[in-house]
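The primary structure of each chain is shown beneath.
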Amino acid sequence: MTLASPPSLYNQMLLSDEDFVANFVARKETFDTLCRRLGANKSASDAKHQVLIGSRGMGKTSLLRRLAIEIGADSDLSAKFIPLSFREEQYNVRYLHVFWQNCADALAEWAEGNDMDELAAKLDDSLVSEGWSDATKAAELFCDALRSLGKRAVLLIDNIDLIIEALGKEERWSLRRTLQERDGPIIIGASTQALKDASKRDAAFYEFFQPSYLEPLSFPETETCMRALAVRRGETGERVLNILQSEPERLRVLHRLAGGNPRILTLTYRFLEITDTHTTMEDLERLLDDVTPYYKARVEEYHTTLQRAIIDAIALHWDPITTKILANVMGEKSTTLSAQLSRLQKDGMIEKVETSGSYAGYQLSERFLNIWYLMRHGTRRNKQKLRWLTAFLSTFYSRNDLDDIHKQAKATGMVERWSKDFALAFEQAQKDSYSVTSNNDIEFETELEEARLMHKEAFSFYKAADYNATLECLEAIISRFGGSGELALQKEVADAMFSKAFTLGQSGNTSAALESYDAVIFHFADKREPVLEEQVARAMFNKATILEQDGEKSAELESYETLIARFVDSEIPTIQVPVAIAMFNKACSLRQNGEKSAELDAYETLITQFEESEILAVQDLVAKTMFNKAATLGQSGDLSSALAGYDSIVTRFETSKDLRIQEEVVKAMSNKAATLAQWGDTSSSLEAFDDVIVSFADSDEPVIQTQIAISLFNKAFTLRNLGNIEAAIKAYEQSLDLWNKIDVENSEPLKSNIEIKLANLLFDYNFNLQRAEALYRQALKQDPACANSNLFWLYLANDKLEDAKHTYDLLNDVSQVGRCLMDAALAFDAENFGQGTEHLHKALSEGLSQEGMTFDDDAERLIRVALSRDFGERLIEWFQTTRFADRYAPLFVALVAAVKGEEHLLDTNPEVRDAAQVIYQRLVAGCGKSEKGS
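Per chain, residues are indexed from 1 in the order of the written sequence. Two thresholds apply to this predicted model, a pLDDT of at least 70 for residue-level local features and 80 or more for giving and counting side-chain atom pairs, whereas whole-chain, interface and lining totals are computed over all residues. To get the side-chain values, all heavy atoms of the structure are used, and hydrogens and water are removed first.

Participant: I'm lost on the environment of Ala166 in this one. Help?
Facilitator: Summarising the element assignment, Ala166 is placed in helix α8 (residues 160-166). Each residue gets one of three labels from its accessible area relative to the maximum for its type: buried under 20%, exposed over 50%, partly exposed in between, using a 1.4 Å probe on protein chains only. Judged by relative accessible area, which is 33%, Ala166 ranks as partly exposed. We call two residues in contact when some of their heavy atoms are within 4.5 Å. The residues touching Ala166, leaving out its near neighbours within four places in the chain, are Val93 and Arg94. Here a strand is any run of E in DSSP of at least two residues, a helix any run of H or I of at least four, and the numbering for each starts at the N terminus.

Participant: Where do I start with unusual backbone geometry in this structure?
Facilitator: At Asp799, a residue that is not glycine, the phi angle is positive and equals roughly 60°. Here Asp799 lies in the loop between α38 (784-797) and α39 (801-810). A positive phi angle, close to 70°, is found at Arg883, a residue other than glycine. Within the element layout of this structure, Arg883 appears in the loop between α43 (872-882) and α44 (884-887).

Participant: I tried to follow the packing of helix α36 (residues 748-764) against helix α42 (residues 856-868) on my own but got confused; where do I start?
Facilitator: The relative placement of two packed helices comes down to the angle between their axes together with the axis-to-axis distance. Axis separation between α36 and α42 bottoms out at 12 Å; the angle between their running directions is 20°. For the element pair α36 / α42, the angle class is roughly parallel. As for how α36 packs across α42, the hand of that crossing is left-handed. Where α36 abuts α42, its residues Asn760, Phe763 and Asp764 lie against Asp857, Arg861 and Arg864. We call Asp, Glu, Lys and Arg charged. Ala, Val, Leu, Ile, Met, Phe, Trp, Tyr, Cys and Pro are nonpolar, and the rest, Gly among them, are polar. Grouping the constituent residues of the contact of α36 with α42 by class yields 1 nonpolar, 1 polar and 4 charged. Here an angle of 0 to 180 degrees is reported between the N-to-C directions of two axes, which are lines fitted to C-alpha atoms, with helices fitted over the stretch in contact. Any angle from 65 to 115 degrees is called roughly perpendicular, while one under 35 is roughly parallel, one over 145 is roughly antiparallel, and all others are oblique. Handedness of each helix crossing follows the sense of rotation of the near helix against the far helix: counterclockwise by less than a right angle gives left-handed, clockwise gives right-handed.

Participant: Looking at this structure, I do not really get the sheet that holds strand β2 (residues 81-85). What am I missing?
Facilitator: Two orientations exist for strands paired in a sheet by backbone hydrogen bonds: parallel and antiparallel. Taken in spatial order, the 5 strands make up an open sheet running β2-β3-β4-β1-β5, and their pairing is parallel. Two strands lie at the open edges of the sheet, namely β2 and β5 (210-213), each paired on one side alone. This sheet shows a mean twist of 15° between the axes of neighbouring strands, independent of strand direction. Across 4 bridges, strand β1 (residues 50-53) lies against β5 in parallel orientation. Following the sheet pairing, Gln50 is matched in β5 by Gln210. Contacts from helix α3 (residues 60-73) reach β1, β2, β3 (152-157) and β4 (186-191) within the one sheet, and its direction differs from that of β4 by about 155°. At least two bridges found by DSSP between two strands are what make those strands a pair.

Participant: When you look at the nonpolar core in this model, what are you seeing that I'm missing?
Facilitator: Most often, soluble globular proteins have nonpolar side chains that are buried together. We define the nonpolar core as a collection of buried residues of types Ala, Val, Leu, Ile, Met, Phe, Trp, Tyr and Cys that are connected through side-chain atoms lying within 4.5 Å of one another. Membership of the largest hydrophobic core comes to 160 residues, with the highest contact counts inside it found for Phe792, Leu821, Leu840, Leu875 and Phe879. Both domains that meet at this core, namely domain 3 (441-703) and domain 4 (759-925), each give it at least three residues. Residues contacting Phe792, with those up to four places away along its chain left out, are Ala804, Thr807, Tyr808, Met822, Ala825 and Leu826. Within the second largest apolar cluster, 43 residues are counted, among which are Val51, Trp100, Leu123 and Trp132. All domain edges in this entry derive from an automatic or database-based domain assignment.

Participant: Can you help me understand the confidence of the model for the protein chain in this one?
Facilitator: If pLDDT is low for a region, its predicted coordinates should not be looked at in detail. The pLDDT value expresses, per residue, how confident the predictor is, ranging between 0 and 100. Of the residues in the protein chain, 87% reach a pLDDT of 70 or more, and the chain-wide mean stands at 82. A low-confidence stretch, residues 388-405 (pLDDT under 50), is modelled with 23 contacts involving residues beyond four sequence positions or located in other chains. Segment residues 419-440: pLDDT under 50, and 17 contacts once partners within four positions in sequence are set aside and those in other chains are kept.

Participant: I'm lost on the packing of aromatic side chains in this one. Help?
Facilitator: The description of an aromatic ring pair uses the distance of the two centres, along with the angle that the planes make with each other. Aromatic rings from Phe, Tyr and Trp, with only the six-membered ring used for Trp, were paired whenever their centres fell within 6.5 Å, and each pair was classed as stacked if the ring planes differed by under 30 degrees, edge-to-face if by over 60, and tilted otherwise. Under the definition given, this model contains 22 aromatic pairs. For the pair Phe792 and Tyr808, a centre-to-centre distance of 6.1 Å together with 50° between the ring planes defines the contact as tilted. Residue Phe792 is located in helix α38, and its partner Tyr808 is located in helix α39; the two are separated by 16 residues in the primary sequence. The burial state of Phe792 is the same as that of Tyr808; both residues are buried. Judged by centre distance (5.9 Å) and plane angle (40°), the rings of Phe879 and Phe892 are tilted. One end of the pair, Phe879, is in helix α43; the other, Phe892, is in helix α45 (residues 889-900), and 13 residues separate them in sequence. Assigned by exposure class, Phe879 and Phe892 land together as buried. Here a set of aromatic residues connected by ring pairs shows up, and it is made of Trp878, Phe879, Phe884, Tyr888 and Phe892. Either the NZ atom of lysine or the CZ atom of arginine qualifies as a charge over a ring when it sits within 6 Å of the ring centre and within 35 degrees of the ring normal. Taking the ring centre of Phe627 as reference, the NZ or CZ of Lys667 above it sits at 4.5 Å. Over the ring of Tyr808 we find Arg819; its NZ or CZ atom is 4.6 Å from the centre of that ring.

Participant: Quick question: what am I supposed to make of the environment of Thr192 here?
Facilitator: Secondary-structure assignment places Thr192 in the loop between β4 and β5. When its relative accessible area of 24% is taken as the criterion, Thr192 is described as partly exposed. Here the alpha-carbon distance between Thr192 and Gly348, two residues 156 residues apart in the chain, equals 6.6 Å. When near neighbours in sequence (up to four residues on either side) are disregarded, Thr192 contacts Ile53, Gly54, Ser55, Arg56, Lys60 and Asp161.

Shown next as structure tokens:
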């Protein structure tokens with residue numbers, strides 16, 4: 001089990017070695033055993049190879065990394081061994097020579113990390129030779145490299161079973177022979193299941209690996225690990241130590257549900273430390289949220305509907321299920337299911353267990369995956385079953401009996417923190433305890449009029465920005481009428497309490513404002529009258545807003561969730577709006593936190609809840625939500641679903657006359673077009689851009705015109721990528737013209753961006769240098785550094801050396817890479833090839849992408865300068881000598897084609913050729929002296 005700051009559940013490589021080792025507190029006995037067995041191997045002796053066997057999440061990958069760190073840090077081990085780590089799945093290994101190539105790659109990576117760059121470069125060069133294409137020679141080359149270092153390699157290989165199974169019979173025996181050499185490499189592997197060869201007498205690896213089985217952690221082991229982590233964490237770990245001392249039942253319940261899985265228990269520690277949950281049910285809900293990305297990906301690894309249907313049926317059944325019952329549930333033949341069950345069992349997704357009958361049953365191997373599935377995909381009945389199991393376990397292990405829990409909860413206010421299910425038993429008693437004493441009608445009317453007059457006075461003070469006087473009036477209302485049982489007076493009190501909180505927030509006292517909003521929520525928590533519920537909902541919403549402004553993301557989300565849970569089914573329009581906004585803001589907060597899966601779930605919940613709402617403000621939020629969901633799907637790479645999402649917005653809202661909804665429709669159409677371009681369907685993309693432009697051409701609304709201008713810009717970008725430069729220039733001109741007509745804030749940066757992109761096309765393709773210069777000059781005010789940089793290249797290309805030098809002197813903030821490229825250009829222009837390539841070497845060594853800027857276009861312009869001075873052949877030779885020809889392959893291939901002829905593009909692979917073709921077109925266009933248009 002590992003924990004670091006920030007914690008990483010799925011990718012331990014995100015942790016530094018120091019954090020990883022400091023928090024490695026589980027599996028120490030196994031780790032010590034592995035080290036002891038490894039240390040028993042000599043520099044030249046028969047090796048003892050080992051394999052870790054355990055289901056997903058049991059700590060195999062962590063142990064392999066811990067071993068790699070230990071070998072490097074321990075003087076005795078590092079004197080004899082070199083730890084070589086590999087990616088978790090080596091899918092490219094289908095033949096033995098590829099395995100040895102991967103080993104050489106790992107050795108080169110180790111050499112580079114240990115400041116042995118010469119060895120790394122030698123291995124890199126060697127790997128392209130023919131010797132590595134033969135398994136026997138490849139093994140010899142790898143072992144020879146190790147012998148030159150005087151050490152043995154320790155190959156730390158995850159999923160070793162997949163590699164062995166991918167090899168043919170003869171290749172397995174060949175691998176065994178190499179591993180049996182007295183100075184050969186040593187394997188410490190990991191597998192989710194016992195190796196098949198290990199039990200077959202005629203197999204190459206029969207009883208070859210010494211296994212270590214990783215069983216689920218026992219509860220004492222879990223508690224020991226938790227305590228060790230908490231102690232290491234110092235002051236921040238005190239919360240966990242207190243929970244372990246006073247509420248051990250919480251950890252015991254979660255340990256049972258997680259099945260002793262270290263990965264899940266790592267999460268258990270993490271949120272026990274930072275999350276204020278007070279019941280086992282809350283702990284479980286938070287844990288389920290945290291594992292959703294991992295488990296969702298696990299299920300989605302299976303692509304056939306039958307496989308997923310089997311997983312679904314087994315998970316929802318929960319108890320072990322026989323093949324016969326499974327076939328009945330699914331309506332399939334047992335023979336149809338058998339092969340798939342074997343596959344799922346082999347993958348470790350399910351396991352076969354004994355039942356009370358004659359036939360074995362199947363269940364999900366990872367029990368917490370089953371629990372997650374029930375809670376996220378199960379029916380209400382399934383979920384209730386699990387909830388009551390949790391409640392039972394929590395009660396069973398509690399130090400107090402049920403009566404004590406009830407009594408203490410009421411005395412301490414813990415009732416407020418009970419789960420919804422647990423609180424149902426007390427709801428009626430709470431209602432019965434409340435009584436209302438009414439005043440007589442005359443007294444009531446008098447008090448109501450008095451309260452309203454006091455409110456009117458408070459409002460007049462507020463308009464005058466006299467916040468102190470405002471608060472005094474509101475406090476008087478609360479004090480005077482706070483005990484009234486009349487609904488109308490309770491409403492006046494609720495309004496006064498809300499207004500007090502709002503006024504405090506406006507005056508800058510956010511801490512007091514939060515306390516006052518909490519007072520509204522607490523005071524009227526049990527009320528079900530709409531006028532009072534409305535103020536509770538508004539208080540919850542405003543509280544979340546303040547927390548967002550204060551940067552309290554976790555508390556903000558909790559406030560939104562509280563509001564949603566309480567009022568999601570309300571039919572009151574004035575409550576539906578803040579609930580919908582809360583659901584939308586919650587999803588946006590999840591997006592900012594990078595929780596895409598939870599974000600998408602939140603969007604879907606809002607859409608489902610309010611898709612039939614007739615409230616215009618809610619419809620607007622539904623449209624915004626549908627747009628955000630589609631955009632997030634697109635950013636996640638699910639372009640097909642994103643396109644379907646954009647289409648659904650247009651279909652549903654295209655006839656709406658509401659401007660806010662129209663804005664979402666035009667945004668959806670524009671994003672659809674951009675997504676089609678991203679997908680590679682440029683023809684449909686251009687049609688979609690034109691649909692936007694034509695459909696809203698008559699609108700004079702700035703928000704709509706803005707989207708048309710953006711669509712024209714994206715259309716131009718797509719046309720540019722297609723190589724249709726003239727059409728791209730036209731679209732950029734149209735976009736710029738529209739931006740100049742739109743009166744919207746903060747449009748200058750966008751206009752400047754278009755001006756520079758348009759000018760670049762006019763310049764680089766030699767269309768209209770005069771217009772390009774004018775556009776660069778227009779962009780000077782907004783982006784002087786970028787505009788002047790481009791002007792430098794324009795002047796140099798146009799033989800205006802003095803203007804170029806003057807512009808060069810103005811560039812104080814240009815990056816080192818940009819400066820080096822300019823220095824190289826000035827040297828080439830002066831026909832000083834040596835000095836020019838010296839500056840070019842510095843630029844290319846740094847990389848052409850720096851600090852959010854890319855200098856690819858400047859590099860192309862530099863090559864055009866070199867070509868104009870007949871340095872083409874020498875520059876080709878220089879690229880080859882410095883090995884930049886490989887690092888900047890498309891640029892180099894385009895250079896060769898520009899010097900020797902376009903047909904030379906055919907001599908390279910299609911992937912490089914496509915990019916080189918585009919660069920080549922710019923090189924030859926930019927070398928022309930006559931302009932193509934005006």
